[in-house]
Amino acid sequence: MKKEDIKLLGDAHIATSIDTPLRPDAFDKSDNEKINAIQRHFEAIMHELGLDLTDDSLSGTPYRFAKMYVKELFYGLNPNNRPKISTFHNKYGYKKMLVEKDINIDSSCEHHFLPIVGIAHIGYIPKDKVVGLSKINRLVDYYAHRPQVQERLCLQILKDLQDALETEDVIVVINAKHLCVSSRGIKDKNSSTTTMEYGGNFIEPEQRNSFLKLID
């Protein structure tokens, strides 16, 4: 994309797919190979900024940065890191809504690679399967730890839980602050963004409103 087109587009989101855009060769290199390559590139960035890489405080930064990107901030890019979502037979016959609220979101926007920080609320109505509560948190964390847009993050969590639970009756709400809004551009420190995706019984306003009252 040309610089003029990037400026014209601004922060607008281009909808392509529910899947994170990845090249076919995304995982041909090992994590260590990626860390070594990113380290070299970030050294060059720091050099262009005029920083003295011989300084004791800065000399280890390129490696720390590279390791953080591969092993921590963006570990969710690798499908091998997806948590195992163990489900169990709904022996109790529980058929009412189950809600997991205030799940931490620590993500990064794919336009500026700046933090997205907030919370997710998830509800579902069990049919034959239920899922361990901590598994929901782990799934949210997995999808959050990749370059994201909030709308896609919402959809990825929803779709994965629907597939795991074998029901469409799932709802996901995310409220988050975007540092690309608060620390650059408009520099609005107070605004936040809320997204919501749902299916099945949550299409009905009464069911959806019951969930929204529980997370209020």
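Use the structure listed above.
Along each chain, numbering runs from 1 in the same order as the chain's sequence is written. Local features in this predicted model are restricted to residues of pLDDT 70 or higher, and side-chain atom pairs are both shown and tallied only at a pLDDT of 80 or more, whereas totals for entire chains, interfaces and linings draw on every residue. Just so you know, side-chain values use all the structure's heavy atoms and leave hydrogens and water out.

## Let's talk about the pattern of salt bridges
And step 1. A carboxyl oxygen of Asp or Glu within 4 Å of a side-chain nitrogen of Lys or Arg is what we treat as a salt bridge. For the structure on display, the rule yields 7 salt bridges.
And step 2. Note that K71 and D31 form a salt bridge whose closest N and O atoms lie 3.3 Å from each other. With K71 in helix α3 (residues 61-73) and D31 in helix α2 (residues 31-48), this residue pair connects regions lying 40 residues apart in the sequence.
And step 3. Burial status follows relative accessibility: with a 1.4 Å probe on protein chains alone, a residue under 20% of its type maximum counts as buried, one over 50% as exposed, and anything between as partly exposed. A relative accessible area of 26% means that D31 is categorised as partly exposed.
And step 4. Put simply, R152 and E110 hold a salt bridge, and the shortest N to O gap is 2.8 Å. Helix and strand definitions follow DSSP, with helices as H or I runs of at least four residues and strands as E runs of at least two, each counted in order from the N terminus.

## Observations concerning helix α7 (residues 205-215)
And step 1. Residues R208, F211 and I215 constitute the buried set of α7. All buried residues of α7 project into a common sector of 60 degrees when viewed along the axis, lining one side. Exposed side of α7, more than 90 degrees from the buried face: E206 and K213 are the residues found there. Within this analysis, the arc is defined by the directions that extend from the helix axis to the C-beta atoms.

## Focus: the packing of helix α4 (residues 133-144) against helix α5 (residues 150-165)
And step 1. The interhelical angle for the contact between α4 and α5, taken along N-to-C directions, is 140 degrees, at an axis separation of 10 Å. Viewed along their axes, α4 and α5 adopt a mutual orientation that is oblique. Handedness of the α4/α5 crossing: right-handed. From α4, I136, L139, V140, Y143 and A144 reach across to α5, where they touch L153, Q156, I157, D160 and L161.
And step 2. The classification used treats Ala, Val, Leu, Ile, Met, Phe, Trp, Tyr, Cys and Pro as nonpolar, Asp, Glu, Lys and Arg as charged, and all other residues, Gly among them, as polar. Residues belonging to the contact of α4 with α5 are distributed by class as follows: 8 nonpolar, 1 polar and 1 charged. Structural elements are reduced to axes, namely lines fitted to C-alpha atoms, with helices fitted over the stretch in contact, and the angle between N-to-C directions of any two is expressed from 0 to 180 degrees. An angle below 35 degrees is treated as roughly parallel, one above 145 as roughly antiparallel, one from 65 to 115 as roughly perpendicular, and anything else as oblique. If you view the pair so one helix is near and one far, a crossing is left-handed when the near helix is turned anticlockwise from the far one by less than a right angle, and right-handed when it is turned clockwise. Whether two residues touch is decided by their heavy atoms; if any such pair falls within 4.5 Å, the residues are in contact.

## A short note on the environment of E110
And step 1. Along the chain, E110 turns up in the loop between β2 (98-109) and β3 (115-124).
And step 2. Separated by 36 residues in the primary sequence, E110 and R146 place their C-alpha atoms 8.3 Å from one another.
And step 3. Apart from residues lying up to four places away in sequence, E110 is in contact with P147, Q148, V149 and R152.

## Some thoughts on the side chain of R152
And step 1. Looking at where R152 falls in the secondary structure, it is placed in helix α5.
And step 2. The buried category is assigned to R152, whose relative accessible area is 7%.
And step 3. We call two N or O atoms a polar contact when they sit within 3.5 Å, provided that within protein one can donate a hydrogen and the other can accept it, with sequence-adjacent residues counted only if both atoms are side-chain atoms. A polar contact is formed between the side chain of R152 and the side chain of E110, at a distance of 2.8 Å.
And step 4. Apart from the residues within four sequence positions on either side, R152 is in contact with S17, I18, D19, T20, P21, E110 and P147.

## Let's talk about the sheet that holds β3
And step 1. Paired strands, as defined in this entry, are two strands with at least two bridges between them according to DSSP. With mixed pairing, the 5 strands of this open sheet are ordered in space as β5-β2-β3-β6-β7. Looking at which strands have only one partner, the edges of the open sheet turn out to be β5 (147-148) and β7 (193-198).
And step 2. Across 9 bridges, β3 lies against strand β6 (residues 170-178) in antiparallel orientation. Paired with H121 across the bridge in β6 is V173.
And step 3. Sitting on the sheet, α4 touches β2, β3 and β5, and the angle it makes with β2 is about 20 degrees.
And step 4. Lying over the sheet, α5 contacts β2, β3, β5, β6 and β7, oriented at roughly 155 degrees with respect to β6.

Geometry only, nothing functional implied.
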